[in-house]
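Chain residues, written in single-letter form:
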Amino acid sequence: MNRLIGTIECYLFVTGDEGLTMSQLIVLTECKQDQVQAALDQLTSDYENRENGGITLRVFGGAYRLVTKAEFADDVKRLLENPSPKSMSQASLEVLAIIAYKQPVTRVEIDDLRGVKSEGAISTLISKGLIMEKGRLEGSGRAILYGTTELFLDRFGLQSLDTLPDLQIEDESDVEDTDLFMTKFQETFSLENE
C-alpha cells in the first residue's frame, strides 16, 4: 500500500495541473479501483493531517490533483502577483456566465442575450483557456458552439458543471437598478425553467 501511495503521489506531481482521473490511475498503477481509492484516501488524509504542509489533494473536473492548501492562498498570490493584475472585463464575465449556464451556445445566441456583439470577449476567454469550441451547429452556416474548459472548472473551484450555483432569479420589482444584460439574462432563464 505504501508503494502504491508513493507511486500515485509521483504521478500526480508530474502531471501537475492536468491531474489524473480514477480510470487513468487504475491503468497506470495496474491496481483495482478500490485499492486506488484507498491509496487516494490515505494520501488525502496524510496531507490534511500534516500541520506544517502546504499541499493537499483535490478533485476538479474528475481529475485528482495536488494543490496548495487554501490557507496559503495569500502567500502564493504574493509569489505570483503581477504588478498590473489583469482582471476580466464585465463583458467577458457576462459572456462566460452565458456560456457556463447555456453551453453549448453560439456567438449569435450570446449576442442576442447581451444585446451587443461578443466577439472580443469570446476571443479573450479563448486566449485565457476558459472556453473553447465544442463543435458546430448542423445546417447552413454551421455556427461554432462554445463551452467551458477544464481550466474554467479549476479556476472557479468546481468539480463539474453540475456544481455550478443555481441562478438566482430575482422578482421583477427588485430588478429596477440592474443593467439590461442581467434583466434579459434572467428573463431568458425564467422562460426556460418554466
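Residues numbered from 1 in each chain as written. Predicted model: local features only at pLDDT ≥ 70, side-chain atom pairs only at ≥ 80, totals over all residues. Heavy atoms only, no water.

J.: Looking at this structure, I do not really get the sheet that holds strand β1 (residues 20-21). What am I missing?
T.: In sheet architecture, strand pairing relies on hydrogen bonds along the backbone and comes in two forms, parallel and antiparallel. Spatial ordering of the open sheet is given by β1-β3-β2, a layout of three strands whose pairing is antiparallel. Every interior strand has two partners, whereas the edge strands, β1 and β2 (55-60), have only one. Across six bridges, the pairing between β2 and strand β3 (residues 63-68) is antiparallel. Bridge pairing in β3 links R58 to R65. (Pairing = 2+ DSSP bridges. Helix = DSSP H or I, 4+ residues; strand = E, 2+ residues; numbered from the N terminus.)

J.: Just checking my understanding: could you explain the pattern of salt bridges for this structure?
T.: Opposite charge on two side chains allows them to pair when their charged atoms are near. Evaluated as defined, the whole model comprises seven salt bridges. Ionic pairing is found between D154 and R65, a salt bridge with its closest N-O pair at 3.1 Å. Here D154 is found in helix α8 (residues 150-155), whereas its partner R65 is found in strand β3, with 89 residues between them in sequence. R65 shares its class with D154; the two are buried. Between D154 and R155 there is a salt bridge, with its nearest N and O atoms 2.8 Å apart. We classify D154 as buried; its relative accessible area is 18%. Salt bridges sharing partners connect three or more residues here, namely R65, D154 and R155. (Salt bridge = Lys/Arg side-chain N within 4 Å of Asp/Glu carboxyl O. Buried < 20%, exposed > 50% of the residue type's maximum accessible area, 1.4 Å probe, protein only.)

J.: Whenever I open this one, the environment of G129 confuses me. Can you help?
T.: Here G129 is to be found in the loop between α7 (119-127) and β5 (131-136). When residues no more than four places from it in sequence are discounted, the contact partners of G129 are T149 and L151. (Contact = heavy atoms within 4.5 Å.)

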